[in-house]
2 protein chains.
Amino acid sequence: PILNDHSELKPRRPAEEYIKGVLAGNRVILSQAITLVESRLESDQDLAELVLAGCMSHTGNSYRLGITGVPGVGKSTFINAFGMHLLDQNAKLAVLAVDPSSQRTHGSILGDKTRMADLSLDKRAFIRPSPAKETLGGVTRSTRETILLCEAAGFNTIIVETVGVGQSETAVHSMVDFFLLLMLSGAGDELQGIKKGIVEMADGLVINKADGENLLAANKAQVEYQKALHLLAPNRNNWSPMVLTCSSTLPSGMEEIHSMLEAYKTKMQTGSDWKENRKRQARQWMRDTILNLLEDKFFKDKGVQNQLPEFDEQVVQGVIAPTSAAKSLIRLYLQGL
Amino acid sequence: PILNDHSELKPRRPAEEYIKGVLAGNRVILSQAITLVESRLESDQDLAELVLAGCMSHTGNSYRLGITGVPGVGKSTFINAFGMHLLDQNAKLAVLAVDPSSQRTHGSILGDKTRMADLSLDKRAFIRPSPAKETLGGVTRSTRETILLCEAAGFNTIIVETVGVGQSETAVHSMVDFFLLLMLSGAGDELQGIKKGIVEMADGLVINKADGENLLAANKAQVEYQKALHLLAPNRNNWSPMVLTCSSTLPSGMEEIHSMLEAYKTKMQTGSDWKENRKRQARQWMRDTILNLLEDKFFKDKGVQNQLPEFDEQVVQGVIAPTSAAKSLIRLYLQGL
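Residues numbered from 1 in each chain as written. Chains lettered and ligands numbered in written order. Predicted model: local features only at pLDDT ≥ 70, side-chain atom pairs only at ≥ 80, totals over all residues. Heavy atoms only, no water.

Quick look at the relation of the copies chain A and chain B
Okay, step 1: Mapping chain A onto chain B leaves a residual RMSD of 0.1 Å; the transformation is a rotation of 180° accompanied by 0.0 Å of translation along its axis. Look at the turn and shift together and you get a two-fold axis relating the two.
Okay, step 2: A share of 100% of the interface residues of chain A reappears at the interface of chain B, consistent with the copies meeting face to face through the same patch. (Least-squares fit on C-alpha atoms with pLDDT ≥ 70 in both. Contact = heavy atoms within 4.5 Å.)

What to know about the pairing of strand E1 (residues 63-68) of chain A
Residue and element names in this part refer to chain A.
Okay, step 1: Most of E1 sits inside the fold, with 6 of its 6 residues counted as buried.
Okay, step 2: Neither face of E1 is open: one carries Tyr 63, Leu 65 and Ile 67, the other Arg 64, Gly 66 and Thr 68, and all of them are buried.
Okay, step 3: Relative to strand E4 (residues 157-162), E1 is paired through 5 bridges, and the arrangement is parallel. Among the inter-strand pairings, Leu 65 is bridged to a residue of E4, identified as Ile 159.
Okay, step 4: Bridge count between E1 and strand E5 (residues 178-183): 4 bridges; the pairing is parallel. When the sheet's bridge partners are listed, Gly 66 is paired in E5 with Phe 179. (Buried < 20%, exposed > 50% of the residue type's maximum accessible area, 1.4 Å probe, protein only. Helix = DSSP H or I, 4+ residues; strand = E, 2+ residues; numbered from the N terminus. Pairing = 2+ DSSP bridges.)

Some points on the sheet that holds E5 of chain A
Residues and elements named next belong to chain A.
Okay, step 1: Here we have 7 strands laid out as an open sheet, ordered E3-E2-E4-E1-E5-E6-E7, and parallel in their pairing. Since the sheet does not close on itself, it has two edges, and those belong to strand E3 (126-128) and strand E7 (242-245), each with one partner. Across the sheet, the mean angle separating the axes of adjacent strands is 20° when strand polarity is ignored. (Axes fitted to C-alpha atoms, helices over the stretch in contact; angles between N-to-C directions.)

Structural notes on the packing of aromatic side chains
Residue and element names in this part refer to chain B.
Okay, step 1: Scanning the entire structure with this criterion turns up 16 aromatic pairs over all chains.
Okay, step 2: With a centroid separation of 5.2 Å and 80° between ring planes, the pair formed by Tyr 63 and Trp 274 is classed as edge-to-face. Of this pair, Tyr 63 sits in strand E1 (residues 63-68) while Trp 274 sits in helix H12 (residues 273-300), placing them 211 residues apart in sequence. The pair Tyr 63 / Trp 274 is uniform in exposure class, with both members buried. (Phe/Tyr/Trp six-rings, centres within 6.5 Å; stacked < 30°, edge-to-face > 60°.)

Remarks on unusual backbone geometry
Okay, step 1: Pro 251 of chain A follows Leu 250 of chain A through a cis peptide bond whose omega is -10°.
Okay, step 2: By secondary structure assignment, the location of Pro 251 of chain A is in the loop between E7 and helix H11 (254-270).
Okay, step 3: Its identity as a non-glycine residue notwithstanding, Asn 90 of chain B has a phi of 70°, on the positive side.
Okay, step 4: Relative to the elements of secondary structure, Asn 90 of chain B occurs in the loop between helix H4 (75-88) and strand E2 (93-98).
Okay, step 5: Assessed through its relative accessible area of 66%, Asn 90 of chain B is described here as exposed.
Okay, step 6: Positive phi, close to 65°, is recorded for Lys 209 of chain B, a residue that is not glycine.
Okay, step 7: Assignment of secondary structure puts Lys 209 of chain B in the loop between strand E6 (204-207) and helix H10 (215-231).

Here is the structure:
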């Protein structure tokens with residue numbers, strides 16, 4: 001079930017074959033299509049665009065769930081346990097990872113096999129590791145498209161895992177329907193290294209490792225976090241984030257978490273919030289891509305590349321104001337187009 | 001000492017007059033020059049660029065100090081007390097505010113007179129309120145240039161105050177040499193609404209209101225925050241952020257805070273950290289401006305404005321992938337230039 005296609009240099013199929021394969025739920029072809037959207041080769045990107053275009057009308061029909069939490073909180077074990085619970089409820093589950101810091105190479109698959117022992121052996125699940133050594137922008141761009149491809153392939157539950165490096169939580173928050181923050185009891189907010197902004201983004205908090213000696217502390221933390229959350233401004237869509245506890249090893253609490261997700265969806269779909277959220281995200285995604293492309297084209301421009309070092313030097317030496325340098329460079333760029 | 005020039009519609013001077021006036025430390029002309037950099041009129045912006053160019057060789061010679069903290073922490077009272085202390089040490093002090101949420105109109109000057117009672121009456125200080133009703137980008141762009149103008153006018157200590165709305169702390173952090181976070185004792189980190197990221201940005205924490213019944217709690221908080229800070233990753237330039245206490249009303253602790261600032265400067269200037277930080281900031285500022293301008297020109301393009309609604313609709317309806325829409329729009333834009 002972990003399929004990471006290594007065909008970066010393999011010959012490509014015609015777009016039609018990818019589309020047909022993805023829509024038929026063929027996992028080998030799905031993996032190859034994901035490799036296309038992850039590729040930085042221009043020819044691959046053009047092909048990926050065609051493949052996506054052919055899949056678009058079959059996308060959108062999934063529950064997109066983001067999961068974050070600091071290292072050590074037990075994200076993998078949780079996703080393993082919760083993923084198994086979802087599979088037993090007949091969910092068609094895909095798990096994607098956003099980890100710009102990842103040094104994983106192709107051997108990373110073994111890493112995921114250890115990380116999610118049961119899921120990785122279960123044929124019903126599809127696990128796709130993070131593309132290795134990418135920038136955050138690159139990872140999130142391809143993750144968004146990977147979500148679409150998985151949906152087109154028939155997966156109705158997509159878990160996007162983030163390790164919380166840099167702005168990755170914000171990025172994942174902007175591509176999911178529900179953003180779940182995994183926490184531990186017994187440690188203060190500071191000690192867990194959780195940025196306040198993350199708590200504010202969460203649609204639900206789950207305190208992991210609520211078992212054995214930790215049980216009491218977990219229940220106490222649950223009450224405290226619930227209180228603290230009341231102090232925060234209302235969440236998106238007027239949803240009051242819930243705080244639950246679970247044990248990923250027993251496992252316990254999985255049903256409650258699942259119920260929370262369903263309650264959220266029901267509430268959001270009663271009004272137009274679910275759709276509006278998706279629309280907002282799609283619009284923001286288009287906008288982000290536009291800005292990325294504009295930046296990319298500017299800094300790859302030959303004229304800009306020739307002039308930038310001198311302007312840079314003058315700016316750094318305080319000879320010209322950064323704003324003036326920027327304006328001059330833009331004028332040069334637009335004249336040269 | 002609070003000078004907010006209201007000449008948005010007044011006739012302008014030739015650039016030379018502004019430059020001469022600013023360099024001579026003429027506060028009326030300094031205020032008018034700041035109004036120019038704050039103005040959105042293109043003619044004003046062109047004039048401002050000339051004025052800045054003429055001032056650049058006289059900039060950079062100040063201590064740029066950013067101050068943040070949640071509402072209620074006593075920022076104004078602190079700046080008032082600390083500002084008076086600095087003036088008594090012969091500092092030439094300018095105070096700028098970054099407050100994108102500000103609903104202040106021209107009457108705001110009265111607000112600042114109340115907020116900083118002593119400073120606002122002291123002829124040695126120069127206080128410039130935040131431009132009213134600006135976006136964050138607008139405020140921070142003009143604040144950066146206002147810093148330069150104040151430096152050219154001979155101010156050697158610039159305090160930039162931020163109210164902590166949105167990303168304003170990050171913006172202010174990127175334009176100052178030292179970033180000071182003002183806090184209160186007795187309240188947990190959560191309760192104070194301080195984002196963890198802000199604590200990580202701070203070069204120094206000051207616990208305010210360390211007087212009367214609060215003294216004990218403040219001293220205790222000092223120890224606790226100092227401990228917590230040790231858990232964080234090292235600050236920029238390997239500086240270990242200090243935690244101090246003060247009372248802005250007594251006042252007390254002002255000398256210690258001043259000493260901390262001087263110790264920081266000495267350490268940074270022993271190596272090349274001070275200069276490198278400034279260089280990095282200037283470079284980032286140029287880059288930010290470039291991106292803002294690229295975005296601005298794109299979205300103001302007639303062709304883009306004509307096509308955007310349809311693409312937007314198709315993206316929102318899930319007919320085309322956001323990435324594809326972005327690429328198509330960029331192609332249209334570049335062809336039309």
